[in-house]
Amino acid sequence: MKDRISKTLSQARWGSIALIAFGLVLVFFPDFGSRTVATVAAWLLMIVGTAGLLIGVLSWPMFGFGTLAGSGISLIVGFYILRNPLSLASLLGILLGALLTVQGLGALGDALRLRRNGEFWVLGMVWAGFTLVMGLILIFSPMTTSRIVMTLVGLAMIVCGGGNLYTHYKAKSYMDPGKNSSRIIDADE
């Protein structure tokens, strides 16, 4: 029983080390994570597009042109993302930046209305300014979002892997017969 637990802990330890290593890769090379996610998404789009084209051709009288068109677009978008994997992260950054800019403009209008009505408007103006600045940063530097997210994911992986290693070390120490023998209760006694 102890050998099996020890073997399981050893395998889990290697998994934790791999988690830490991949986390370090994401921290130091965040575009790697974005590129990997985009490549997987591109292949999925291409597979779905190819399957849809096949189904559309085989069942043309039933589905008509819509299935072929949608599948063709899926295949083209998948191929484009596969050739330019960071374009997906860049597009998402631009869309998020546009969303934040619109939200910031709305918050600016709200703050100005509060000011006109004699209400407290300073926090609304600060929030509007912050949101507008973040939105414009993302529009003009769209990869920032992806890099921040991938870096945070990498840090989380490092922390989880380190926590797992510590837990495995503690579990192994409880299995040693000389250590902690006063804490372990033997079921046979």
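For the structure itself, look to the data block above.
Residues numbered from 1 in each chain as written. Predicted model: local features only at pLDDT ≥ 70, side-chain atom pairs only at ≥ 80, totals over all residues. Heavy atoms only, no water.

**Observations concerning the overall build of the protein chain**
Inference 1: From N to C terminus, the protein chain includes seven helices and zero strands.
Inference 2: Across the protein chain, helices and strands are ordered from the amino to the carboxyl terminus as α-α-α-α-α-α-α.
Inference 3: Here the protein chain has a C-alpha radius of gyration of 27 Å; the compact-globule value for 189 residues is 16 Å, and the former is much larger.
Inference 4: Principal-axis analysis of the C-alpha atoms gives the protein chain an extent of 75 × 65 × 30 Å. (Helix = DSSP H or I, 4+ residues; strand = E, 2+ residues; numbered from the N terminus. Rg over C-alpha atoms; globule rule 2.2 N^0.38 Å.)

**Considering helix H2 (residues 30–58)**
Inference 1: The terminal C-alpha atoms of H2 lie 43 Å apart, and with 29 residues this matches the ideal 42 Å at 1.5 Å per residue to within 8%.
Inference 2: Considered for burial, the residues of H2 that qualify are Pro-30, Asp-31, Gly-33, Ser-34, Ala-38, Ala-42, Met-46, Gly-49, Gly-52 and Gly-56. (Expected span 1.5 Å × (residues − 1). Buried < 20%, exposed > 50% of the residue type's maximum accessible area, 1.4 Å probe, protein only.)

**A closer look at helix H6 (residues 122–140)**
Inference 1: Along its 19 residues, H6 runs 27 Å from first to last C-alpha, staying within 8% of the 27 Å computed at 1.5 Å per residue.
Inference 2: For H6, every residue scored as buried is listed here: Ala-128, Thr-131, Leu-132, Gly-135 and Leu-138. The buried residues of H6 occupy an angular sector of 130° when the element is viewed end-on, so they sit on one face. Of the exposed residues in H6, those oriented more than 90 degrees away from the buried face are Leu-123, Val-126 and Phe-140. (Arc of directions from axis to C-beta.)

**Re the packing of aromatic side chains**
Inference 1: For the structure shown, the criterion picks out two aromatic pairs.
Inference 2: Considering the side-chain rings of Phe-22 and Phe-32, the 5.9 Å spacing of their centres and the 75° angle between planes classify their relative orientation as edge-to-face. Taken together, the residues span a long stretch of sequence, with Phe-22 in helix H1 (residues 2–28) and Phe-32 in helix H2 at a distance of 10 residues.
Inference 3: Taking the relative accessible area as the measure of exposure, Phe-32 reaches 36% and is therefore partly exposed.
Inference 4: Ring geometry for Trp-127 versus Phe-130: centroids 5.7 Å apart, planes at 35°, classification tilted. Within this pair, Trp-127 and its partner Phe-130 are both found in helix H6, separated by three residues, close to a single helical turn.
Inference 5: The ring of Trp-121 carries the charged tip of Arg-115 above its face, separated from the ring centre by 5.0 Å. (Phe/Tyr/Trp six-rings, centres within 6.5 Å; stacked < 30°, edge-to-face > 60°. Lys NZ or Arg CZ within 6 Å of the ring centre and 35° of its normal.)

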